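Letter by letter, the chains look like this.
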Amino acid sequence: MFPELNALLGADTESPERQQFILISGHETDSSFLLNHFLSYYLKAGCSLCFVALAQSFSHYNVIAQKLGVNLASARDQGQLLFLEGLRSYTQLLFTDTPETEADNPLRFLRTGSDLRPLYDFITAALMPSGGERGKCPVLIIDDVSLLLSLGVTTLQVLDFIHYCRASVCSKYQGNVVCLLQGFEESEDADNERLLKSLCHQSTLLLQVEGLVTGFCKDVHGELTITRRSQVRDKPVIYQYKIHDKTVSFFARGLSAAVL
Amino acid sequence: MEERGLISAEEDDYGTYSNLLLKYFLAEGVISGHEVFIASASNIPHSIFKDLPAPLTDEIAKQDDTSKLMESPGSAEDTMKIAWRYQNLPKLESVSLPSARFGHYYDISKTMSPDMLQSAKTHSFYLPNIIPLGGTYDSSSEMPCDYLQLLQSIQSVIHQQGFDGSNPQQKGQKNILRIGIQSLASVLWGDDICARERPHNLHSLTRFLYALRGLLRSSLSVCVITMPTHLIKNKAIIARVRNLSDTVVGLESFIGSERESNPLYKDYHGLFLVHKIPRLNSLISDASDTKDLAFKLKRKMFSIERLHLPPDLSDTVSRSSKQDLAGSTKLLSSGCGSAAAGKKHLDF
C-alpha cells in the first residue's frame, strides 16, 4: 500500500469505497505496481479477496506484498484471500490433469474453447457473502485481462465475463472489481484495443500509466492519469511517479526532485 | 541472469548475431556445469553443440583484465579533455560480454573441446526427428502438435531430472536447467504466423509461451528463445509475445541497412535494443542508467558496449548547487587549457 496514492485517491483503510470498478491500464510501461497497491490496500482494509493472477506466480506477489507490509500466505491460510495461480493451473491442465481432476480446474474452458463460466463460478463461489461476514466488502482482482486474449479467448467472451463479474460482485454483493489491462500502442492489436476501450467506458475509476514520451529516465518512471468517471465534472489529474524499493512517490508534472 | 525467467531475443534480419547470442548462453551453461536443453527445427542440435565457442582459460582472461586496468587509468586521464564525462565510467563495464558476469570469456574463433562437451549433461529436441516429413497435422487441436510436443519434452526433462523439486533423491545438489530454443515461430515449426497476416493458429504461439512461463516459474530453469519477429506479419502477436516474456532484447544488424555507412555507427555491427527488463519479485527493476547499447563482432569475441552516455539529469549532478558548478568549471578550464581560460561560467 502506498500512502501517497491513498491520499491522491482520497481512500482510507477504515471504510473503502464500494461498488467500484477500477481499471488499471499501462501503455508501454509496467503498471503492476498499482495492482500490488490495491492488493495490499484491500487486505489491510479487511476485505475478502479473490485474486485471479494470470500474469505471475504466487511467490512473486507474496514477496512484493511483504515489502508493502502484508503477508499473502497467512491471508490465504486464514481464508481472507483466495488465490488462483493461472500459470500453475494452466500447466496442470496441460500435463497432469485427468478428466476427473480437470472438472475442478477453473481454467478448463481453455481446453474446450467455450465461455468463461467455470472461472465465473469459481469467483462467485469465493466471494459469496456468508452469514457472519455480511459487513465485509468482497473484492475481485484480475491481473492482466489481456492475457486471456493471448490464451485464445475472444474479446466478446472476455467482455461478457467482466460484465457478469461486475453484475455479481459490484451490484449484488456491493463489492469492488479491480482489473489490470496491458495496452499495446502502435501494435495494431485491434482486439486488445477494443477490450481496453470498452472496459474504460465501464470503469468508475480509471488509472492510466504511461511511460514518458521523451523516453526512459532514471528519476521519473512515468505518468499516472487518474480519471473518476462517476462524477461528470471531475477532470482527469496527471501525476508523475518514481518507483522505489518499497514505495512509490508521486509528484506534479515537472516537479521531480531531480530537477528542482 | 534471472533464474526462472523467460528471455526472448528478437532476431536480426539474417539471424547471424542472435545465433551467436544463443551459443553464448548455452556455452555458459556447459562451463558452469548446468544441464542444457536445446530445441531447434532447422539445425541438428548435435551440430549446435559442436559449434559452441571455446572458453578462454582463466589465466589469460585475468591477464587481459589486469592489463586493461593497468593501461586505462593513466591514459584516460590524459586523453579525455573534451569527453570528460566518460572518465567517470567504470572501466570494465564498457566491455561486458553477455555472459561475462560470471567471469567467463569465450574465443569464438575456436570451438569447445569434445571432452568438455561430453562432461555436460545435455538434452535436445529436433523437430524433424519427432515428426517425419510429410506427416499430416491435426488442425483442430488447440496447439499445433509441434509446440505441444516441445512442451511435453521440456516438461518431461524438468520432471524427470527433478528441477521442479519433485524428485527427492537429488535434493542435495541443486542444478539449473538452461533451455535454448532456436528460431521459434518460424515456418519450420509448422506455424503459419510468419506466412499470413491472419493465421489459422493465431493463439498457438502465445499459448505455448504461457505454458512455458508456467513451467519455468515452478522449476529451476531459465529459457532463451530467439524469434524472427521481423517475419511476423501480425504486429499484435509481437506485442503479446513481449508481454509474456520477462526480458526482451532485440538485435538490429546494420548489414544491408543505411546505418552501415553512418559515421556514428562505424565501430559497431548493430544495435542492441532492450525492450523489456525483468521485474521478478520486486516493484522496481534493476535498471542500468542507459539502454542505448550497440554490439560489435570482433575476430574473437562478441561485445556489447554502451553507445553514448545518457543526458545528465540526476540528484547528484554538479548543477545542483552554484558552488559545485563553479568548482567544476574551474576544473574544466584547467583541463581545456587556453580555449576556456578565465573564470567564466560554462553553460551547457
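Here, every reference points to the structure presented above.
Presented here is an overview of the structure given in this document. (Residues numbered from 1 in each chain as written. Chains lettered and ligands numbered in written order. Predicted model: local features only at pLDDT ≥ 70, side-chain atom pairs only at ≥ 80, totals over all residues. Heavy atoms only, no water.)

1. Section: the nonpolar core
In globular proteins that are soluble, nonpolar side chains generally tend to be buried together. All names here are of chain B. In plain terms, the rule: As used in this record, nonpolar core signifies buried Ala, Val, Leu, Ile, Met, Phe, Trp, Tyr and Cys residues forming a set joined through side-chain atoms within 4.5 Å. Each residue is assigned to one of three classes by its accessible area relative to the maximum for its type, calculated with a 1.4 Å probe on protein chains only: buried under 20%, partly exposed between the two thresholds, exposed over 50%. Note on definitions: a residue-residue contact is assigned when non-hydrogen atoms from the two residues lie within 4.5 Å.
Core analysis: the largest hydrophobic core is formed by 126 residues, its most contacted members being Ile181, Leu184 and Leu209. The residues contacting Ile181, other than those within four sequence positions of it, are Leu22, Ala39, Leu150, Ile154, Trp189, Phe208, Leu212, Cys223, Val224, Ile225 and Thr226. In this structure, Leu22, Val36, Ala120 and Met301 belong to the second largest nonpolar core, which totals 30 residues.

2. Description of the sheet that holds strand β1 (residues 6-10) of chain B
All names here are of chain B. For the record, the criterion: If DSSP finds at least two bridges between two strands, the strands pair. A run of H or I in DSSP becomes a helix once it reaches four residues, and a run of E becomes a strand once it reaches two; helices and strands are each numbered from the N terminus. For helices, the axis comes from a line fit to the C-alpha atoms of the stretch in contact; other axes are also lines fit to C-alpha atoms, and the angle between any two N-to-C directions lies between 0 and 180 degrees.
One open sheet holds the nine strands; their spatial order is β5-β2-β6-β7-β1-β8-β9-β10-β11, and the pairing between them is mixed. The outermost strands of the open sheet, each flanked by one partner alone, are β5 (122-126) and β11 (302-306). Averaged over all adjacent pairs, the angle separating strand axes in this sheet is 20°, with direction ignored. Examined bridge by bridge, strand β8 (residues 247-253) and strand β9 (residues 270-276) share six bridges and lie antiparallel to one another. Across the sheet, the residue bridging to Gly250 is Leu273, located in β9.

3. Focus: a nonpolar patch on the surface
Counted only if it meets this: Each patch groups residues whose relative accessible area exceeds 30% and which form no salt bridge, using 9 Å between like charges and 5 Å between nonpolar side chains of Val, Leu, Ile, Met, Phe, Trp and Tyr. Working definition of accessibility: Shrake-Rupley area with a 1.4 Å probe, residue cover restricted to the visible protein chains. A pairing counts as a salt bridge when a side-chain nitrogen of Lys or Arg comes within 4 Å of a carboxyl oxygen of Asp or Glu.
A surface patch of nonpolar side chains, amounting to about 320 Å² of accessible area, comprises A:Leu255, A:Val259 and A:Leu260. On the secondary structure map, A:Leu255 appears in the segment after β9 (248-251).

4. Thoughts on the pairing of strand β7 (residues 221-227) of chain B
All names here are of chain B. Threshold: With strands facing away from the observer, any crossover in which the path from the first strand over the helix to the second runs clockwise is taken as right-handed.
Across the seven residues of β7, seven count as buried, placing the element largely inside the fold. Residue alternation in β7 divides its side chains into two sets, Ser221, Cys223, Ile225 and Met227 and Val222, Val224 and Thr226, and both sets are buried. As paired elements, β1 and β7 share five bridges and run parallel to each other. Directly across from Leu6, in β7, lies its bridge partner Cys223. By the bridge criterion, five bridges tie strand β6 (residues 177-181) to β7 in an arrangement that is parallel. Counterpart to Ile179 in the pairing with β7 is Cys223. In this fold, β6 hands off to helix α7 (residues 204-217), which returns the chain to β7; that crossover is right-handed.

5. With respect to a negative patch on the surface
Here is the rule we go by: In this count, Lys and Arg are taken as positive residues and Asp and Glu as negative ones, while His and the chain termini are left out. A charged residue contributes its charge at one atom only: NZ of Lys, CZ of Arg, CG of Asp or CD of Glu.
A surface patch of negative charge is lined by A:Glu28, A:Glu185, A:Glu193 and A:Glu210. Note that A:Glu28 resides in the loop between β1 (21-27) and α2 (32-44).

6. Considerations on the sheet that holds β9(A)
Residue and element names in this part refer to chain A. On the basis of which strands lie adjacent, the open sheet formed by nine strands has the order β3-β2-β4-β5-β1-β6-β7-β8-β9 and mixed pairing. Sheet topology places β3 (81-85) and β9 at the edges, where each strand pairs with a single neighbour. If you compare each strand with its neighbour and ignore which way they point, the axes differ by 20° on average. The pairing of strand β2 (residues 48-53) with strand β4 (residues 138-143) spans six bridges and is parallel. What sits directly across from Leu49, in β4, is Val139.

7. Side note on the pairing of β2(A)
Every regular strand shows the same layout, with side chains that alternate between the two sheet faces. In terms of burial, β2(A) is largely enclosed, as six of its six residues are buried. Burial along β2(A) is two-sided: A:Ser48, A:Cys50 and A:Val52 and A:Leu49, A:Phe51 and A:Ala53, pointing in opposite directions, are all buried.

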